[in-house]
Structure formats: structure tokens, C-alpha cells
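Fold and contact review
Listed here are the chains, written in short residue letters.
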Amino acid sequence: MNTNLAYQEEPREELLHGEIYMMSSPSVNHYQTTLNLTLAFQSRLKQKNCRAFGDGVDVYLTEDDRVIPDTMIICNKDIIRTDGIHGTPDLVVEVLSPSTAKNDRGYKKDLYEKSGVKEYWIADAKLRSIEAYLLTDGKYRLGGVYQLPSDDMTEREREACTDIIPVSLYNDFRIPLEEIFYNLL
């Protein structure tokens with residue numbers, strides 16, 4: 001019997017185009033952004049037909065692609081199984097980190113597009129911003145860039161910031177960025 005109180009889970013890994021990619025532990029700001037997003041999604045989906053899932057749930061998209069999004073929304077309950085999601089999420093969010101940014105903006109974005117993910121967000125905790133891509137006729141188009149104003153911006157840049165992000169799944173689904181980027185260092 002193992003009496004060690006320290007618990008080591010299996011290493012986290014994604015399968016991208018048939019290649020294994022090891023995932024490192026997230027930074028505090030990455031973790032906090034992911035948690036805030038998942039909680040915001042959950043609180044707004046209580047009376048809806050969709051569920052929010054946070055980091056750690058495998059998504060099986062193809063035989064060669066198994067990803068672990070930072071957070072996602074699933075409306076088709078038939079694809080939810082005990083070992084993960086077997087099919088296409090409705091919304092996926094990836095929070096950028098130095099080790100994953102290239103894949104998040106490249107291969108994974110293309111994979112989500114080809115798989116039919118209706119909405120894909122790329123969140124940047126450092127810039128306190130989100131790029132929202134919407135699937136239209138099988139291709140992603142940039143639906144908007146949402147950002148909290150910062151002290152290093154000009155007055156004009158601050159005025160141009162849009163700090164409430166809509167979620168396309170429901171007309172009444174909007175989240176203030178202050179809620180998403182709350183409690184960051």
C-alpha cells in the first residue's frame with residue numbers, strides 16, 4: 001500500500017497528427033485564466049443544454065488527434081463519455097503559453113476548424129485579450145479581438161478596447177473580460 005500523500009498523476013500529453021506532445025504544468029496566470037473561464041461558462045450554462053469542461057479532459061477528434069483544451073463547451077451530450085469527449089466540442093478555448101502558442105495558433109486552430117468546432121478562442125493572459133474565431137462555411141473568420149484596457153495604452157487604444165465577449169452559442173451569453181482575467185498576477 002502506498003502511504004505517500006504526494007500524488008503523481010500520469011503525465012499529460014496530446015496526440016497531434018500522430019505525434020505525442022508532452023504538456024507542462026501551467027503557469028499561475030494560465031491556470032487562473034482557465035479556471036475563471038470554466039467557472040464563467042458553468043455559471044451561464046446552468047439553465048442551458050450545454051456543459052462546460054475545464055483543463056484535463058481528453059478530446060478525441062480523429063484517430064491521429066487527441067487534444068486537451070484549456071476549457072470547452074459541449075452541447076451534444078452523446079459525445080461525452082467517462083474517458084473523455086469523443087467528437088467535436090461547440091466552443092474551445094486555448095490559453096497561450098510560450099510552449100504551446102505555435103500549435104494553438106497553427107495546427108490546433110486548423111484541426112478545430114476542420115473538425116467543425118463552431119467557436120475557437122485564443123486567450124492571452126499576459127495581454128488580457130481574447131481572439132474569437134467563428135466557423136463560417138467551414139472556415140474560421142475572426143469574430144473579434146477583445147481586450148482589457150491597460151496603463152501602457154494610449155487613450156485612443158483604451159477607447160477602442162471591447163471588454164465584453166459574446167459567446168455565439170446563445171444570444172444572451174456574454175462575459176466581461178474582467179471576470180476572465182480576474183486575480184492574475
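The following paragraphs examine the structure supplied in this document. Per chain, residues are indexed from 1 in the order of the written sequence. The predicted origin of the model limits local features to residues at a pLDDT of at least 70 and limits the giving and counting of side-chain atom pairs to 80 or more, whereas totals for whole chains, interfaces and linings rest on all residues. Working from all heavy atoms in the structure, the side-chain values ignore hydrogens and water.

**Concerning the overall build of the protein**
Short version of the rule: Helix and strand labels come from DSSP, where a helix needs a run of H or I of at least four residues and a strand needs a run of E of at least two; each type is numbered from the N terminus. Only the C-alpha atoms count toward the radius of gyration. The rule for a globule is 2.2 Å times the residue count to the power 0.38. Think of it in three bands: residues with accessible area under 20% of the maximum for their type are buried, residues over 50% are exposed, and the middle band is partly exposed, with areas taken using a 1.4 Å probe on protein chains only. Should any heavy atoms of two residues lie within 4.5 Å, those residues are counted as being in contact. Accessibility throughout is a Shrake-Rupley quantity obtained with a 1.4 Å probe, and a residue counts as covered only by protein chains that appear here.
A tally of regular secondary structure across the protein gives five helices and 14 strands. Against the globule reference of 16 Å for 185 residues, the protein gives a C-alpha radius of gyration of 17 Å, in line with a compact fold. Based on the C-alpha atoms only, the size of the protein along its principal axes is roughly 60 × 45 × 35 Å. Looking at the protein as a whole, 42% of its 185 residues are labelled buried. If you take every contact in the protein between residues at least 6 apart in sequence, the share linking residues at least 24 apart comes to 52%. Taken as a whole, the protein presents about 11000 Å² of accessible surface, with 49% of it coming from carbon and sulfur.

**Here's the deal with the sheet that holds strand β3 (residues 51–54)**
Filter applied, for reference: Note on pairing: two strands pair once DSSP finds at least 2 bridges between them. Between N-to-C directions, angles span 0 to 180 degrees; the directions come from axes that are lines fitted to C-alpha atoms, helices contributing only their stretch in contact.
Strand order in the open sheet formed by six strands is β3-β6-β9-β10-β11-β12, and the pairing between neighbours is mixed. For this open sheet the edge positions go to β3 and β12 (139–147), each flanked by a neighbour on one side alone. Across the sheet, the axes of successive neighbouring strands diverge by a mean angle of 15°, strand direction being ignored. Pairing of strand β6 (residues 71–74) with strand β9 (residues 91–95) involves three bridges; the strand directions are antiparallel. Bridge pairing in β9 links I73 to L91.

**Considerations on the nonpolar core**
For clarity, the threshold we go by: Joining through side-chain atoms within 4.5 Å is the link that ties buried Ala, Val, Leu, Ile, Met, Phe, Trp, Tyr and Cys residues into a set, and such a set is a nonpolar core.
Residues F41, W121 and I165 are the most contacted members of the largest nonpolar core, which totals 26 residues. Excluding its chain neighbours within four sequence positions, the residues that come into contact with F41 are A52, T71, I73, L91, V93, W121, V167, F173 and I175.

**Side note on the side chain of Q32**
Considering the arrangement of structural elements, one finds Q32 in helix α1 (residues 28–44). The contact partners of Q32, leaving out residues within four places of it in the chain, are Y182, N183 and L184.

**Quick look at unusual backbone geometry**
Positive phi values are uncommon outside glycine, yet H17 reaches one of about 55°. Mapping H17 onto the fold places it in the loop between β1 (13–16) and β2 (19–22). In the Ramachandran plot, R128 falls in the positive-phi region, its phi being about 55° despite a non-glycine side chain. Along the polypeptide, R128 turns up in the loop between β10 (119–124) and β11 (129–136). Here R128 falls in the partly exposed class, since its relative accessible area comes to 23%.

**Thoughts on helix α3 (residues 107–115)**
One full turn of an α-helix is made of 3.6 residues, so residues set three or four places apart face in the same direction. The set of residues buried in α3 consists of K108, K109, L111, Y112 and E113. A positive phi of about 90° marks G116, the residue just after α3.

**Describing the environment of H17**
Taking relative accessible area as the criterion, H17 reaches 56% and is therefore assigned exposed. Residues H17 and R66, 49 residues apart in the sequence, show an inter-C-alpha distance of 8.9 Å.

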